[in-house]
Amino acid sequence: MSNADDRHAQRRDTDGLERYDIDTAPGDEYLGDAEVGSGLRGYVIGLGLATLLTIASFWLLGTNLIWAPGIPVALIVLAIAQMGVHLVFFLHITTGPDNTNNALALAFGVLIVVLVIGGSIWIMANLDHNLMPTNAIMNMNR
Amino acid sequence: MLGKLSWDVIPFDQPLPMIASAVVALAILGVLAWVFLAGHFPYLWREWITSVDHKRIGVMYTLLALLMLLRGFSDAVMMRSQQALAFQAPGYLPPDHFNQVFSAHGTIMIFFGAMPFVIGLMNLVVPLQLGVRDVAFPTLNSVSFWLTATGALLVNISLVIGEFARTGWLPYPPLSETAYSPGVGVDYYLWAVQIAGVGTLLTGINFVTTILKMRAPGMSYLSMSMFCWTSLAASLLIVAAFPILTATLAMLTLDRYFGFHFFTNEAGGNMLMFVNLIWAWGHPEVYILVLPAFGIFSEVISTFSSKPLFGYRSMVAATLFICIVSFMVWLHHFFTMGAGADVNAAFGIATSIIAVGTGVKIYNWMFTMYGGRIRFATPMLWSLGFMVTFVIGGMTGVLLAVPPADFLLHNSLFLVAHFHNVIIGGVLFGAFAGYTYWFPKAFGFRLHEGWGKLAFWLTLIGFYATFVPLYTVGLLGMTRRMQHFDVPAWYPWVLVAGAGMLITTAGVVAQIIQLVVSIRQRAALRDVTGDPWDGRSLEWATPSPPPVFNFAALPHVEGEEPYWSIKQRAREQNRLRDEPEYEPIEMPRNSPTGFICAFFATVMGFALIWHIWWMVALGALGAFATFVVFAWRDIPEYVIPAAEVARIDRANRSARREALATYTGPRP
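Numbers given to residues run from 1 along each chain, matching the order in which its sequence is written. A letter from A marks each chain and a number from 1 marks each ligand, given out in the order of writing. Local features in this predicted model are restricted to residues whose pLDDT is 70 or higher, and side-chain atom pairs enter the listing and the counts only when it is 80 or higher, whereas totals over whole chains, interfaces and linings include all residues.

Participant: Sorry, what's going on with the overall build of chain B here?
Facilitator: Here a strand is any run of E in DSSP of at least two residues, a helix any run of H or I of at least four, and the numbering for each starts at the N terminus. Each helix and strand counted, chain B has 19 helices and two strands in total. Taken over C-alpha atoms, the radius of gyration is set against a globule rule of 2.2 Å times the number of residues to the power 0.38. Rg of the C-alpha trace for chain B: 25 Å, near the compact-globule value of 26 Å for 668 residues, within the 12% margin. Principal axes of the C-alpha set define a box for chain B whose edges measure 75 × 55 × 45 Å. As a rule, residues whose C-beta atom has 12 or fewer other C-beta atoms within 10 Å are exposed, those with 20 or more are buried, and those in between are partly exposed; C-beta atoms are placed from the backbone. The buried share among the 668 residues of chain B stands at 52%. Once C-beta atoms are placed from the backbone, any two residues with those atoms within 7 Å are in contact. A separation of at least 24 residues holds for 83% of the contacts in chain B among residues at least 6 apart in sequence.

Participant: What exactly am I supposed to notice about the overall build of chain A here?
Facilitator: The number of helices and strands found in chain A is five helices and zero strands. Its helices and strands in sequence order give chain A the pattern α-α-α-α-α, from N to C terminus. A burial count over chain A gives 4% of its 142 residues as buried. Once local pairs closer than 6 in sequence are excluded, the contacts in chain A between residues at least 24 apart make up 56%.

Participant: Is there a simple way to think about the packing of helix 4 (residues 95-130) of chain B against helix 13 (residues 413-443) of chain B in this case?
Facilitator: To describe two helices that pack against each other, one gives the angle between their axes and the distance between the axes. Residue and element names in this part refer to chain B. Across the interface, helix 4 lies against helix 13 with an axial gap of 10 Å and an inter-helix angle of 35°. For the element pair helix 4 and helix 13, the recorded crossing hand is left-handed. From helix 4, Ala114, Phe117, Val118, Leu121, Leu124 and Val125 reach across to helix 13, where they touch Ile423, Val427, Ala431, Gly434, Trp438 and Ala442. Note on residue classes: Ala, Val, Leu, Ile, Met, Phe, Trp, Tyr, Cys and Pro are nonpolar, Asp, Glu, Lys and Arg are charged, and everything else, Gly too, is polar. The residue makeup of the contact of helix 4 with helix 13, split by class, is eleven nonpolar, one polar and no charged. Angles run from 0 to 180 degrees between N-to-C directions of axes, and those axes are lines fitted to C-alpha atoms, restricted for helices to the stretch in contact. In this scheme the crossing of two helices becomes right-handed for a clockwise turn of the near helix relative to the far one and left-handed for an anticlockwise turn of less than a right angle.

Participant: For this particular structure, what's the right way to read helix 4 of chain B?
Facilitator: Given 3.6 residues per turn, any residue in an α-helix points the same way as the ones three and four places further on. All names here are of chain B. If you check helix 4, its first and last C-alpha atoms are 50 Å apart, about what 36 residues at 1.5 Å a residue would give, namely 52 Å. Axes are fitted to the seven residues ending at a residue and to the seven starting at it; the angle between these axes is taken as the bend at that residue. Roughly 40° is the biggest bend found in helix 4, and it falls at Met109. Judged by how many residues are buried, helix 4 sits mostly within the fold: 32 of 36 residues are covered. The positive-phi residue at the C-terminal boundary of helix 4 is Gly131, with phi of around 75°. Expected helix span is computed as 1.5 Å times (number of residues minus one).

Participant: Where do I start with the interface of chain A and chain B in this structure?
Facilitator: How big an interface is tends to be reported as the loss of accessible area on association of its parts. The interface of chain A with chain B comprises 18 residues on the first partner and 21 residues on the second. Tallying contributions element by element places helix 4 (residues 100-130) of chain A first for the side of chain A that touches chain B, with twelve residues. Of the residues in the side of chain A that touches chain B, the class split is twelve nonpolar, five polar and one charged.

Participant: Got a minute to help me understand the nonpolar core in this structure?
Facilitator: Note on soluble globular proteins: their nonpolar side chains tend to be buried together. All names here are of chain B. One nonpolar core equals one set of buried Ala, Val, Leu, Ile, Met, Phe, Trp, Tyr and Cys residues connected by C-beta atoms within 7 Å. Of all hydrophobic cores here, the largest spans 193 residues; its most connected members are Val118, Tyr188 and Leu237. In this structure, Val118 is in contact with Leu289, Pro292, Ala293, Val427 and Ala431, ignoring residues within four places of it in sequence. If you look at the next biggest cluster of nonpolar residues, it comprises five residues, including Ala552, Leu554, Ile585 and Val645.

Participant: Could you clarify how one ought to interpret the confidence of the model for chain B in this entry?
Facilitator: Should the pLDDT be low somewhere, the predicted coordinates at that spot are not to be read in detail. Residues and elements named next belong to chain B. Per-residue confidence for chain B gives a mean pLDDT of 91; residues scoring 70 or more make up 100%. When mean pLDDT is taken per element in chain B, helix 13 scores highest with 95 and helix 1 (residues 15-37) scores lowest with 84. Across the assembled chains, the prediction reports ipTM 0.85 with pTM 0.89. Confidence of the prediction at every residue is given by pLDDT, a number between 0 and 100.

Participant: Before we go on, may I ask you to explain the confidence of the model for chain A in this structure?
Facilitator: All names here are of chain A. Residue-level pLDDT values for chain A average 74, and 65% of them are 70 or greater. Model confidence for chain A, summarised as mean pLDDT per element, is weakest for helix 1 (residues 3-15) at 40 and strongest for helix 3 (residues 71-90) at 89. Taken as a whole, residues 1-27 scores under 50 in pLDDT and shows 25 contacts with residues more than four places along the chain or in a different chain.

Participant: Can you help me understand the packing of helix 14 (residues 449-475) of chain B against helix 15 (residues 491-520) of chain B in this one?
Facilitator: Residues and elements named next belong to chain B. Axis separation between helix 14 and helix 15 bottoms out at 7 Å; the angle between their running directions is 160°. Accordingly, the angle class assigned to the pair helix 14 and helix 15 is roughly antiparallel. Between helix 14 and helix 15 lies a crossing whose hand is left-handed. A breakdown of the residues in the contact of helix 14 with helix 15 according to their chemical character gives 21 nonpolar, ten polar and no charged. Here the word oblique covers every angle except those under 35 degrees (roughly parallel), over 145 (roughly antiparallel) and from 65 to 115 (roughly perpendicular).

Participant: Can you help me understand the environment of Ala81 of chain A in this one?
Facilitator: Mapped onto the elements of the fold, Ala81 of chain A is located in helix 3. Put simply, Ala81 of chain A and Ala50 of chain A are 31 residues apart on the chain and 8.8 Å apart in space, counted from C-alpha to C-alpha.

Participant: What is the right way to read the environment of Pro171 of chain B from this model?
Facilitator: Mapped onto the secondary structure, Pro171 of chain B falls in the loop between helix 5 (138-157) and helix 6 (185-213). Residues in contact with Pro171 of chain B, not counting those within four places in the same chain, are Ala165, Ser176, Val186, Tyr189 and Leu252 of chain B.

Participant: I'm lost on helix 15 of chain B in this one. Help?
Facilitator: Residue and element names in this part refer to chain B. A rise of 1.5 Å per residue sets the reference length of helix 15, with its 30 residues, at 44 Å; its end C-alpha atoms lie 44 Å apart and thus fit the reference within 8%. Regarding helix 15, the residues found buried are Trp493, Val494, Ala497, Gly498, Gly500, Met501, Thr504, Gly507, Gln511, Gln514 and Ser518. Tucked inside the fold, the buried residues of helix 15 contact helix 3 (54-85) and helix 14.

Participant: Even after reading the chapter, I still don't get unusual backbone geometry, so can you show me in this structure?
Facilitator: The general pattern is negative phi for most residues beyond glycine and trans for most peptide bonds. Residue and element names in this part refer to chain B. In this structure, the amide linkage connecting Pro173 to the following residue, Pro174, adopts the cis form with an omega of 0°. For Pro174, the location among the structural elements is in the loop between helix 5 and helix 6. Pro545 follows Ser544 through a cis peptide bond whose omega is -15°. Assignment of secondary structure puts Pro545 in the loop between helix 15 and helix 16 (562-573).

Here's what the structure looks like:
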């Protein structure tokens, strides 16, 4: 039995509850003998995928594989995939029960980003529409 | 060699700032001389400056806040007296100086008065209420505090060396751009707020982690105290909103230092984007301040009504509702900037809706008091004063949320009266309630009740006497930030507001006397058991002041109001719980990292303001080296032996046993 299992087991005994080690930070890993290998493997796979996606986005521009006006869409798709790879392999966001906090934090972050960026675009576009640019006023004065 | 720095930047020709800063400098030098000559420095260094104990850091935050509140208050006195003297006259503050005074007042009150006060109370109380030994990252906590202190120091240095911003507390471009503010004032603002902002962001991260990951065994989210919930919501808002502030100010910094044009008039810049972004931070900031205050009121009202908080779950829901919706209303700070009716209407409606969350809370507090045995101690008085005052402020807020009304009232003293109404009546009353409520927990003795009640009544009356006239002159058309005015109809109201300021000043003096008197009479005001108010949450389960490890054995929590149920069981069985098995406790070692980092941050900030580039490099290098040294530390923790833990806990248990034996109140 590794160290990590020991600590989890102990915690469960004293509590009588299925809880998570209070000392565990999100993404924390116990460096037991068995875990170093698997942990490293995750990072290497992540690095490989991230590199692949980066190369793909540069490479796409130089080929005729995609209809030219569709390239921004393709780049956005690749960028989102890139974010996904970072979240899964480097920030350890999973669907496991010990990840509820992380998933909620991610959802909160996405919500705020959408609200602030979406709101700003809406407001600024509205202002742009309502306020005459300076040179237009100048032209009126002439 | 010294950038823009020279002897000319010290305002020798202006007696007012020179005398003020000479007095402050003498006071600081006097205190330092006393500390060193009387040999207190090793104690201060060991027990406070390098401390990573959340309670000590909380006390230092609160002390910083109290000092900065005094500084900001003296600015307020200057503004009120200037306007009282400036009817068809120039008054005594020249426009240039007056503009710096109102800018410094806003900046100091929000960033260095209200924020450290709220964060200080969170530091002191949250880990105790969660039933844990410290925050998640104790040394980071110390770094946060010292970076905040750095920001406060830089703002105050601007009093003597150079000048402060003349732009108001939010430096709107193009006024804040180099073309219109060529001096160092805006740079002082930028670097002070940026450095303190880093500290605040680190605090936010620290508290989110602490509350989500480190609760006492058995404590579920829905058995956390209300103050922990509101602290969690405020910390989430800090983490989400402060990066927006940092990015916006960084763009303005690029404009000023490298000739970028994010917010300039020329080359495609858009100053309206600054207003938009700064309020995308600014509105959540309002709730970062007031949510913890709501938590304090919940604790105080429940304790002093001797009843559990009414509608605990609806309170949690209202808190989270406010947390999200606070990100959907920021346009109401600039209805008149030129957006169309659709945008203004959407944000106006969202603003009215956010008042529903606060309304739920107000009713919950009223129902908590209903049928309770209410004790009118000082913290409860602050809470009652808050409920009345805040409802008035909320109603003027909902009025301002109606865009057509806002077109008439914006930029007037009506607006100024509104936001002082909610910030003083909400945040400051909350902070003072928390200060009197938790003072015995922090220091082991209560504050003097008589002086506290006097301070409350003077502050409350002073507040109304100052701001009701400002509401009125606002409706009569007086705009904010006026150095002098010529309208006879405003004059009597401005004089009344000035008189109100005198009453408030008496309140401030009463509060200072309260502290002095309480320290002198501390033996009589001693809190022996650690539970002076018949409290309900876990902080009252510890001795006052709590030992460094807080709890001899981590409490096992079942259900809401964990300490109340423990206490009721003790009263029922007429004996304390069995003594726990004492074990040695590991605690984090003290570390000077925070202080040294902040020292270099001060050097770097000052050098950036004055364009002394070699000093910037020195400061950055020093701060980084400090971090590296900390990261390579060998022994992060020390052990408190079980015998020592047992000695401290047994002393407290015997005091509690005695209190239980003489207890005459109701038994379950």
